[in-house]
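Each chain, letter by letter, is given below.
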Amino acid sequence: MFESVLQEILAHNRIIIHRHSNPDGDALGSQIGLKHILKENFPEKEVYAVGDDAKRYAFMADSTMDEIPDEAYNGALAIILDTSAKSLISDDRYTLARRTVRMDHHIFCEKIADVELTDTSYESCCGLVADFAKRCHLTLTPLAAKSLYTGMITDSGRFRYDSTTSQTFRLAAYLMEQQFETNDIYRNLYADDYSRIKLRAEFILKIQFTEKNVAYIYTTREEAEATGADIFSISRGMVNTMGDIRGVDIWVNFTETEEGVLCEIRSSKYNINPIAVKHGGGGHAKASGATLKDRAEAMELLSELEALLEV
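Every chain is numbered on its own, with residues counted from 1 as its sequence reads. Note on the predicted model: pLDDT of at least 70 is required for a residue's local features to be given, and 80 or more for side-chain atom pairs to be given and counted; whole-chain, interface and lining totals, by contrast, use all residues. Hydrogens and water are ignored here; the side-chain numbers use all heavy atoms of the structure.

### Description of the pairing of strand S9 (residues 260-267)
In this scheme, a residue with accessible area under 20% of its type's maximum is buried, one over 50% is exposed, and one in between is partly exposed, where area comes from a 1.4 Å probe on protein chains only. Runs of H or I in DSSP of at least four residues are treated as helices and runs of E of at least two as strands, each being numbered from the N terminus. Among the eight residues that make up S9, eight are buried, leaving the element largely enclosed by the rest of the structure. DSSP calls a pair of strands paired once it identifies at least 2 bridges connecting them. Where strand S8 (residues 250-257) and S9 come together, eight bridges link them in antiparallel fashion. From the neighbouring strand, asparagine 253 faces S9, where its bridge partner is glutamate 264. Hairpin connection between S8 and S9: a loop of two residues separates the two successive antiparallel strands. Two elements, S9 and strand S11 (residues 287-292), share six bridges in a ladder whose sense is antiparallel. Bridge pairing in S11 places glutamate 264 opposite glycine 289.

### A few points about the side chain of serine 90
Within the secondary structure, serine 90 is located in the loop between strand S3 (77-81) and strand S4 (99-104). Its relative accessible area of 7% is what places serine 90 among the buried residues. Engagement of the side chain of serine 90 in a polar contact is seen with the backbone nitrogen of aspartate 52, the distance being 2.9 Å. Residues in contact with serine 90, not counting those within four places in the same chain, are His18, Arg19, His20, Ser21, Gly51 and Asp52. Think of a polar contact as two N or O atoms within 3.5 Å of one another; within protein, one of them needs to be a possible hydrogen donor and the other a possible acceptor, and neighboring residues in sequence only count if both atoms come from side chains. It only takes one pair of heavy atoms within 4.5 Å for two residues to be counted as in contact.

### Regarding the nonpolar core
Within the largest apolar cluster, 51 residues are counted, with the highest numbers of intra-cluster contacts made by Ile9, Leu38, Ile79, Met103, Phe132, Leu140 and Leu175. With seven residues, helix H3 (residues 125-135) is the largest single contributor of residues to this core. The residues touching leucine 140, leaving out its near neighbours within four places in the chain, are Ile37, Ala133, Ala145, Leu148, Tyr174, Leu175 and Gln178. One finds Tyr216, Phe254, Ile265 and Ala298 within the second-largest nonpolar core, a separate group that totals 20 residues. The term nonpolar core refers to a set of buried residues drawn from Ala, Val, Leu, Ile, Met, Phe, Trp, Tyr and Cys, joined through side-chain atoms within 4.5 Å.

### Describing the sheet that holds strand S7 (residues 215-219)
One open sheet accounts for six strands, arranged S6-S7-S8-S9-S11-S10; its pairing is mixed. Taken across any chain shown, the strands that pair with only one partner, and hence form the sheet edges, are strand S6 (208-209) and strand S10 (282-283). In the sheet, S7 pairs with S8 via five bridges, with the strands oriented parallel. By the bridge assignment for S8, tyrosine 216 is matched with valine 252. In the packing of helix H9 (residues 231-238) onto the sheet, the strands contacted are S7, S8 and S9, and the crossing angle to S8 comes to about 165 degrees. Fitted lines through C-alpha atoms give the axes, limited to the stretch in contact for helices. The angle between two N-to-C directions lies from 0 to 180 degrees. Sitting on the sheet, helix H11 (residues 295-308) is in contact with S7, S8, S9 and S11, with an inclination near 175 degrees to S8.

Pasting the structure below:
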C-alpha cells in the first residue's frame, strides 16, 4: 500500500509537506512527524513543512513552519496530509510541485494529488504515517514519534472515539518504544487557563436543542469577536461541549466569520458526512465540517440533521 509513496520520496531530492489550514493536532503531528522521519532516513534530501500558524498547538516541537520561495517547488515533491478537499489545503503552492502525493484518513471527496493514499481505517493521519514508517522499515526519532502520538491522541479523543481500534493501540505502542515523555502532551492539550474554562461555561449556556434533540450552538460574528478568543477555539474548540449530553446523538457548532459560517458537526451514532459534503465540506462519518454561506444555510443544514433522526 505504501510502496508508491515511498517511490515518489526516493525519486525527489526536495520534499515539501502540506496539511489543512487551521491545523489540529493530527494535521501538525503528521506533518512534523513525517518531516523528521524523512530527515532522519534521507539526510541528503531537503525537507520542508509549510502552512499557517500552529496557534494553540504551538507547544509542539518544530511547529514553526518553514518559509520557502516559490522556486523551491521546481522539481519538488509536495506531500499533502490530513486533507480531504483542495480548498482546505494550507498554501496552494503545492500545485507548483513536479509531483504530488496525498496521505489521508478522511472519507474520499475528490482527487487532489498524482498519487492518492486514503484509508479511513486509521483513526488519524498520524496513525497512517506511523504505519508507513513501520511497514517501510524507516527509523523513527523521538520527536517524530512524539508528534505522531500527539495527533493520535487528539483525533481519537484520547483513544475514546469508536474510530479507535486494535490497530490504533499497536501503532501507539510502536511509537512509545521511542520512550518520549507523555505528561507534557496531555498537560498542554487538556489543562486550561481559567479564562478558557469560563469561556466554555459561557458556551454551555448557549446550547439550544431542536424539536428532535439535535444540540447546537450558534455564535454570531459580533459574539465571537467579543470573546477575544481565536475562531478555531470557538468553532472546533467548543463543539464537544455538547458531546456528553444524555439523549443527544447529533450536535453542531456554528460560528460566523468573514469567510462564512464555520460548521462543525459531530455524532455518536449517525453518519453525518453526506450532509457536510452536500454543503461543500467533508471529514469522517461521525465528525465532519463545512463552511456555509450564511445563517439561513446553517438552519437548512440543521433541518437536514434533524431528518437523520427520523430514519
